[in-house]
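# Results of the structural survey
Read off the chains here:
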Amino acid sequence: MSKQKIELVPPHGGKLAPLFISDKIEHSKILDRAQGLKPIFLDSKSESDVIMLATGAYSPLTGYMGRADYESVVEQMRLYNGLLWPIPVTLPVSRQVAEALKPDEEISLMSKESNQIMAVMTISEIYGYDKEYEARKVFSTTDKSHPGVAKIVEQGDTYLAGPIQVLSEGEYPEVYPEFSRPSETRAIFEARGWRTIAAFQTRNPIHRSHEYLTKVALELCDGLLIHPVVGKLKAGDIPAEIRMKCYRAMLDNYYNPETTILKVYPIEMMYGGPREALLHAIIRQNFGCSHMIIGRDHAGVGDFYGAFDAQEIFATLKPGDLHLKPINMDWTYWCYKCESIVSVKTCPHDHVDHLMISGTKLREMLEAGERPPAEFSRPEVMDILSKYYQDLKYT
């Protein structure tokens, strides 16, 4: 009897659109051509977008947005054709650089850090934009202390649009054994016979509340994808190499390997709260996930967003906007009377019996030289983080 084919959720827009040139002959021809093109040096955000486009994580996009898509996304969270897309994917340059370029011209996109050619782009449009308007619409603030707003303020005031052909995925495939493209995670899910998969987005080490959320999701789904960000974060966040040690320790000791996998992706966090939650959902749908955990202050920073704004935005979507479904989770904390992680829905005890757990609080305790209590996180994780912060003091 033939094995029944697993039907996963479809990619956003219906089809994966990876832009990496994998054919060696074609890759070599394009790279040779790129050597003679005008170079545009990418900032870290634009470089991470190139890699996201390369893998197909940004499907169905085929490059940097033109004016019509850009304006529609900023104003309505939709591409010009009506497809849901919450945050613009754009290539900023200075006005001086833009003046030396013209539509239909081919350019090479180069990593500012490694000086490597990342992609070739055919310019379709060159257009200006209103920085303050974009910040207010996308991030709901123009406060420069917001990392996403600061990025807009600092970047060039002209956008280049056009399709790209990607020649490099940067260092990620070599540095991270867990680096994976949407086509690859989909193949893993199918091989394991998973139809429903919950994604867990994180930029912090996994603490007890995270563990609780992910294991609740596992009770609802066939499998769990722990999917941390390894792109650039804001100052003060724990670096990816340290977090990866923590994730691996958690999977080695506290997760069932038959139902859980760890993969990474190189997006740069924008801390866009509700809109970024939607982008994370689109990306996870492209990776083959049917569900995504949305906890307190998803993709938030400081006090810019309400604790559950990222959950509420999903309720504003139209039928068919997303195939992926959110798993909304309430406040969770350790209760000394229950002697476990609990939520607002499950615990009857007063807040004086609760230990509130968050990534921010974890970092604050470690920076102060305190070892967080056992109720906060697993000992293997605390050992890794305590050593990291102790070493930091002497560097």
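Attention in this report is confined to the structure presented alongside it. (Residues numbered from 1 in each chain as written. Predicted model: local features only at pLDDT ≥ 70, side-chain atom pairs only at ≥ 80, totals over all residues. Heavy atoms only, no water.)

### So, the packing of helix α10 (residues 240–254) against helix α14 (residues 379–393)
Running from amino to carboxyl end, α10 crosses α14 at an angle of 165°, the nearest separation of the two axes being 9 Å. Comparing the axis directions of α10 and α14 gives the class roughly antiparallel. Crossing angle aside, the handedness with which α10 passes α14 is right-handed. Only Pro379, Glu380, Val381, Ile384, Leu385 and Tyr388 of α14 make contact with α10, whose side of the interface consists of Ile242, Lys245, Cys246, Ala249, Met250, Asn253 and Tyr254. Classifying every residue of the contact of α10 with α14 by side-chain character gives 10 nonpolar, one polar and two charged. (Axes fitted to C-alpha atoms, helices over the stretch in contact; angles between N-to-C directions. Helix = DSSP H or I, 4+ residues; strand = E, 2+ residues; numbered from the N terminus. Parallel < 35°, antiparallel > 145°, perpendicular 65-115°, else oblique. Left-handed = near helix turned anticlockwise from the far one by under 90°. Contact = heavy atoms within 4.5 Å. Nonpolar A, V, L, I, M, F, W, Y, C, P; charged D, E, K, R; others polar.)

### Some thoughts on helix α2 (residues 44–55)
One full turn of an α-helix is made of 3.6 residues, so residues set three or four places apart face in the same direction. Across its 12 residues, α2 extends 17 Å between first and last C-alpha, which sits within 8% of the 16 Å expected from 1.5 Å per residue. Buried residues dominate α2, accounting for 11 of its 12 residues. All buried positions along α2 are accounted for by Lys45, Ser46, Glu47, Ser48, Asp49, Val50, Ile51, Met52, Leu53, Ala54 and Thr55. Phi for Gly56, located one or two positions after α2, is positive at around 95°. (Expected span 1.5 Å × (residues − 1). Buried < 20%, exposed > 50% of the residue type's maximum accessible area, 1.4 Å probe, protein only.)

### Let's talk about the pattern of salt bridges
Two side chains bearing opposite charge may form a pair once their charged atoms approach each other closely. Counted by the stated rule, this structure contains 20 salt bridges. Across the salt bridge formed by Glu75 and Lys137, the nearest N and O atoms sit 3.6 Å from each other. Of this pair, Glu75 sits in helix α3 (residues 67–76) while Lys137 sits in helix α5 (residues 131–139); the two residues are 62 residues apart in sequence, bridging distant segments of the chain. In the salt-bridge network here, residues are joined through shared partners; they are Lys38, Lys102 and Glu105. (Salt bridge = Lys/Arg side-chain N within 4 Å of Asp/Glu carboxyl O.)

### A word on the environment of Tyr172
For Tyr172, the position within the fold is in helix α7 (residues 172–175). The spacing of Tyr172 and Ile283 is 111 residues in sequence and 18 Å in space, taken between C-alpha atoms. Filtering out sequence-adjacent residues up to four positions away, Tyr172 remains in contact with Ile51, Phe179, Val230, Gly231 and Pro266.

### Here we look at helix α6 (residues 147–154)
Taken as a whole, α6 has its buried residues at Gly148, Val149, Ala150 and Ile152. Buried positions along α6 lie against α5.

### Digging into the sheet that holds strand β8 (residues 197–202)
Read across the open sheet, the five strands follow the order β10-β9-β8-β11-β12; overall the sheet is parallel. Edge strands, defined here as strands with exactly one partner in the open sheet, are β10 (260–262) and β12 (325–328). This sheet shows a mean twist of 25° between the axes of neighbouring strands, independent of strand direction. Sheet topology note: the strand β9 (residues 223–228)/β10 ladder contains three bridges and is parallel. Considered in β10, the bridge of Leu224 is made with Thr260. Contacts from helix α8 (residues 182–192) reach β8, β9 and β10 within the one sheet, and its direction differs from that of β10 by about 160°. The sheet contacts of helix α9 (residues 208–220) involve β8, β9, β10, β11 (291–294) and β12, and relative to β8 the element is tilted by about 165°. (Pairing = 2+ DSSP bridges.)

### Points about the layout of surface pockets
Considering only enclosed or pocket space, the largest pocket measures out at about 760 Å³ in volume. Every element with two or more residues in the lining of the largest pocket is listed here: β8, α9, β11 and α13 (359–367). Looking at the lining of the largest pocket residue by residue, the classes come out as 12 nonpolar, 16 polar and seven charged. Roughly 550 Å³ of internal volume is contained in the second largest pocket. The set of elements that each furnish at least two residues to the lining of the second largest pocket consists of α2 and α10. A per-class count over the lining of the second largest pocket returns 11 nonpolar, seven polar and 10 charged. (1 Å grid on protein atoms, 1.4 Å probe; cavity = no way out; pocket = protein on both sides within 12 Å on 5 of 7 lines; lining within 4 Å. Points joined across faces, edges and corners; volume = space filled by probe spheres on them.)

### Regarding the side chain of Lys45
Topologically, Lys45 is positioned in helix α2. Setting aside residues up to four positions removed in sequence, Lys45 forms contacts with Lys151, Glu268 and Met270.

### Focus: the packing of aromatic side chains
If you walk through the whole model with that rule in mind, you get 11 aromatic pairs. Judged by centre distance (5.7 Å) and plane angle (70°), the rings of Tyr127 and Tyr159 are edge-to-face. Here Tyr127 is found in strand β6 (residues 125–128), whereas its partner Tyr159 is found in strand β7 (residues 158–166), with 32 residues between them in sequence. Neither residue differs from the other here; Tyr127 and Tyr159 are each classed as buried. Among the aromatic residues, those joined into a cluster by ring pairs are Tyr70, Tyr127, Tyr129 and Tyr159. One cation-aromatic arrangement involves Lys215 over Tyr255; the distance from NZ or CZ to the ring centre is 4.9 Å. Seen from the ring of Tyr254, Arg378 lies directly overhead, with NZ or CZ sitting 4.1 Å from the centre. (Phe/Tyr/Trp six-rings, centres within 6.5 Å; stacked < 30°, edge-to-face > 60°. Lys NZ or Arg CZ within 6 Å of the ring centre and 35° of its normal.)

### Description of the state of the cysteines
If you walk through the whole model with that rule in mind, you get zero disulfides. For the unlinked cysteine Cys221, the closest cysteine sulfur is that of Cys289, found at 9.0 Å. You can call Cys221 buried: its relative accessible area is 8%. The closest cysteine sulfur to the non-disulfide-bonded Cys335 is located on Cys347, 3.7 Å from its own sulfur. (Disulfide = S-S within 2.5 Å.)

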